[in-house]
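# Residue-level structural notes
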Amino acid sequence: MLMLRTLARPLSSNLCRLASTAHLDYSRYPTLQESDIEENLMRGSGPGGQAVNKTNNCVFLRHLPTGITVKCHLHRLASKNRIEARKILLDKLDVHLNGDHSIAAQMKQLDQKKSTERKRRQGKLQEMKKNWQSRERTEDEGGTTKN
């Protein structure tokens with residue numbers, strides 16, 4: 001059994017920019033068993049020329065119980081692509097099995113919470129600024145005039 005819980009990361013790097021992992025619940029995070037995975041190595045594509053076109057370093061994984069497939073060709077080495085493909089498969093499996101309780105959904109909720117708090121603080125600051133400006137205007141109009 002391959003335990004990749006420590007390799008857990010969100011699908012998008014944008015989601016992990018400021019999210020704190022202290023409040024995330026990893027208790028439902030799935031584990032991969034090698035018997036549930038079908039792995040194929042194939043030729044990659046894209047920039048890189050002959051080195052990419054002649055080597056079988058693109059990894060294609062299929063999770064047999066759910067039918068989820070992942071194709072990974074991020075690195076030049078097949079060993080790195082195998083690790084990366086398993087991370088991506090775990091993330092997709094987590095979203096498929098846990099839905100709103102998945103790690104990616106939890107991180108998205110944390111980001112939304114931080115965003116609403118930031119907007120609330122900005123609105124409060126703008127309100128305080130408007131009140132201060134209106135007080136300054138009324139003091140200038142009503143009271144003292146400089147000669």
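In the block above lies the structure referred to throughout.
Residues numbered from 1 in each chain as written. Predicted model: local features only at pLDDT ≥ 70, side-chain atom pairs only at ≥ 80, totals over all residues. Heavy atoms only, no water.

The next subject is the pairing of strand S2 (residues 58-63). Of all the six residues making up S2, five are buried; the element is thus mostly covered by neighbouring parts of the structure. When strand S1 (residues 37-42) meets S2, the two strands line up antiparallel, connected through six bridges. Counted as the bridge partner of Glu38 is Arg62 from S2. Bridge analysis of S2 against strand S3 (residues 69-72) gives four bridges, and the strand direction is antiparallel. Looking across to S3, one finds that Phe60 is bridged to Lys71. (Buried < 20%, exposed > 50% of the residue type's maximum accessible area, 1.4 Å probe, protein only. Helix = DSSP H or I, 4+ residues; strand = E, 2+ residues; numbered from the N terminus. Pairing = 2+ DSSP bridges.)

Right, let's get into the packing of aromatic side chains. Tallying each qualifying case throughout the model produces one aromatic pair. Their ring planes at 65° and their centres at 6.2 Å tell us that Tyr26 and Tyr29 sit as a pair that is edge-to-face. Overall, the relative accessible area of 5% leaves Tyr29 in the buried class. (Phe/Tyr/Trp six-rings, centres within 6.5 Å; stacked < 30°, edge-to-face > 60°.)

Further remarks concern the pairing of S3. In S3, alternate side chains face the same way, and those of Val70 and Cys72 are buried while those of Thr69 and Lys71 on the opposite face are not. In this antiparallel pair of consecutive strands, S2 and S3, the connection spans five residues, and Gly67 shows a positive phi of 85°.

Next up on the list: the sheet that holds S2. The strand order across the open sheet formed by three strands is S1-S2-S3, and the pairing between neighbours is antiparallel. If you trace the sheet from one side to the other, it starts and ends with S1 and S3, each paired once. Looking at each pair of strands side by side, their axes are set apart by 15° on average, direction ignored. (Axes fitted to C-alpha atoms, helices over the stretch in contact; angles between N-to-C directions.)

As a further point, take the nonpolar core. Grouped together as the largest cluster of nonpolar side chains are 17 residues, with contacts concentrated most on Leu32, Leu61, Ala85 and Leu89. Looking at this core, the elements that each hand over two or more residues are S2, S3, helix H2 (78-98) and helix H3 (103-142). Counting residues per element, this core draws most heavily on H2, at five residues. Not counting residues up to four positions away in its chain, the partners in contact with Leu61 are Ile37, Glu38, Glu39, Ile68, Thr69, Val70, Ala85, Arg86 and Leu89. (Core = buried A, V, L, I, M, F, W, Y, C linked by side-chain atoms within 4.5 Å. Contact = heavy atoms within 4.5 Å.)

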